[in-house]
Amino acid sequence: MTNFNMLKIENLQATINNKDILLKGINLSINKGEVHAIMGKNGSGKSTLAKVIAGHPKYNVIEGKILLNQQDITYEEATMRSHRGIFLAFQYPVEIPGVNNIDFLRLAYNSNRKANQDEELDPLSFFELISTKSKKIEMQSHFLNRNVNEGFSGGEKKKNEILQMNLLNSQLAILDEIDSGLDIDALKIIAEEINRFKTKCNSILIITHYQRLLEYIVPDYIHIMEQGRIVYTGNSEIAGKLEKYGYEYVNRI
């Protein structure tokens, strides 16, 4: 099968509030059907890169390009990027008091469908769809009727993120430390759902500190970040080396 480029980042440099330069010339290429992982110490720029790709307004690109399906999205708003198929699962999903979870999910789903000129689903049809999807990740139905992430445990919040990813049928799913706060059973369930989500037509970018997630979701490539740069790219075996020797191992390669 011939791979086609999903995401291409060229010499990406970005700041926060036009002050500190946090990304210092990132080059990254992800093909359709591939799973990539980014690892690195705290403060190396992993979450910043995820947010810049997703179009977080707090960050400013000062040089370089972000291409999705060969279309330049470098300066597009986050909403437009979402409609194009970018999904970001946050490291710390926020609580939204007063907003019912199922209403939030339905509005997000129908907003994307409308932007892509697809027919919107009525509440009853959507309830049938979301009920089926939530059962797959073993999310109890009462979480759909609660406010978004309000009172959810860390693992429940992460399940809600995976539910959104699956629901929106994202082309590029960026998962920022989706494994944090999960016990081993929840980790396995979420990993299984991510593996089911993966197809030859979409791409997944995983940001993680730990090898354990990558034992269940085997990436095609692992990139190591340090001080706003990708300093090493290797295959899935590098995760085991990092677990054993730490990030100093990369400096010895």
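The rules we used
Residues numbered from 1 in each chain as written. Predicted model: local features only at pLDDT ≥ 70, side-chain atom pairs only at ≥ 80, totals over all residues. Heavy atoms only, no water. Axes fitted to C-alpha atoms, helices over the stretch in contact; angles between N-to-C directions. Helix = DSSP H or I, 4+ residues; strand = E, 2+ residues; numbered from the N terminus. Parallel < 35°, antiparallel > 145°, perpendicular 65-115°, else oblique. Contact = heavy atoms within 4.5 Å. Nonpolar A, V, L, I, M, F, W, Y, C, P; charged D, E, K, R; others polar. Core = buried A, V, L, I, M, F, W, Y, C linked by side-chain atoms within 4.5 Å. Buried < 20%, exposed > 50% of the residue type's maximum accessible area, 1.4 Å probe, protein only. Polar contact = N/O pair within 3.5 Å; in protein donor to acceptor, adjacent residues only side chain to side chain. Pairing = 2+ DSSP bridges. UniProt positions renumbered as here; feature names shortened; annotations may be inferred. Arc of directions from axis to C-beta. Salt bridge = Lys/Arg side-chain N within 4 Å of Asp/Glu carboxyl O.

This part is about the packing of helix α5 (residues 154-168) against helix α6 (residues 184-197). At a minimum axis distance of 11 Å, the contact between α5 and α6 shows a crossing angle of 10 degrees. In terms of their interaxial angle, α5 and α6 are classed as roughly parallel. The residues of α6 that touch α5, namely those facing K158, K159, I162, M165 and N166, are I189, I190, E193, I194 and F197. For the contact of α5 with α6, a count of residues per class yields 6 nonpolar, 1 polar and 3 charged.

The next point concerns the nonpolar core. Counting residues in each nonpolar core, the largest one holds 44 residues, and the members touching the most others are L175, I194 and I206. Sorting elements by how many residues they give to this core places α6 first, with 7 residues. If near-sequence neighbours (up to four positions away) are discounted, I194 is found in contact with I162, M165, L175, I178, I204 and I217.

Tracing the sequence through the fold places T208 in the loop between β10 (203-207) and α7 (211-216). From its side chain, T208 meets the backbone nitrogen of Y210 in a polar contact 3.1 Å long. With near-sequence residues (within four places) excluded, T208 lies in contact with I38, M39, G40, K46, E177, D179, L213 and L214.

So, on to the sheet that holds strand β5 (residues 71-72). Taken together, 4 strands build an open sheet; the order of strands is β2-β1-β4-β5 and the sheet is antiparallel. Either end of the sheet is taken by a strand with one partner, and the two such strands are β2 (21-31) and β5. The pairing of strand β1 (residues 5-16) with β2 spans 8 bridges and is antiparallel. When the bridges of β2 are listed, Q13 appears paired with K24.

When the UniProt feature table is mapped onto this chain, "domain: ABC transporter" (unreviewed entry) is found at residues 7-252. Counted over residues 7-252, helix gives 38% and strand 29%. Its end C-alpha atoms are 30 Å apart.

Let us look at unusual backbone geometry. Although it is not a glycine, Q117 adopts a positive phi angle of roughly 60 degrees. In this fold, Q117 is placed in the loop between α3 (101-115) and α4 (123-136). Backbone geometry at Q227 places phi at a positive 50 degrees, although glycine is not the residue there. With respect to the element layout, Q227 can be found in the loop between β11 (221-226) and β12 (229-234). Of the residues examined, Q227 reaches a relative accessible area of 54% and is grouped as exposed.

Below, the discussion takes up helix α8 (residues 238-245). Within α8, the full set of buried residues consists of I238, A239 and L242. Seen from one end, α8 has its buried residues packed into an arc of 105 degrees, which puts them on one side. On its buried face, α8 is in contact with β3 (35-40), α7, β11, β12 and α9 (248-252). Just downstream of α8 lies G246, where phi reads positive at about 85 degrees.

In this section: the pattern of salt bridges. Taken as a whole, this structure holds 3 salt bridges when the rule is applied. For the salt bridge of E76 with R84, the shortest nitrogen-to-oxygen distance reads 2.8 Å. Residues K157 and E95 are paired through a salt bridge, measuring 3.5 Å at the closest nitrogen-oxygen approach. Of this pair, K157 sits in helix α5 while E95 sits in the loop between β6 (86-89) and β7 (96-100), and the two are 62 residues apart along the sequence.

Before going further, it helps to examine the pairing of strand β4 (residues 59-68). For β1 and β4, the ladder comprises 8 bridges, and the chain directions are antiparallel. By the bridge assignment, L7 is partnered in β4 with L68. Pairing geometry for β4 and β5, over 2 bridges, is antiparallel. Bridge pairing links L67 to D72 in β5. Hairpin connection from β4 to β5: 2 residues lie between these consecutive antiparallel strands, with N69 at a positive phi of about 50 degrees.

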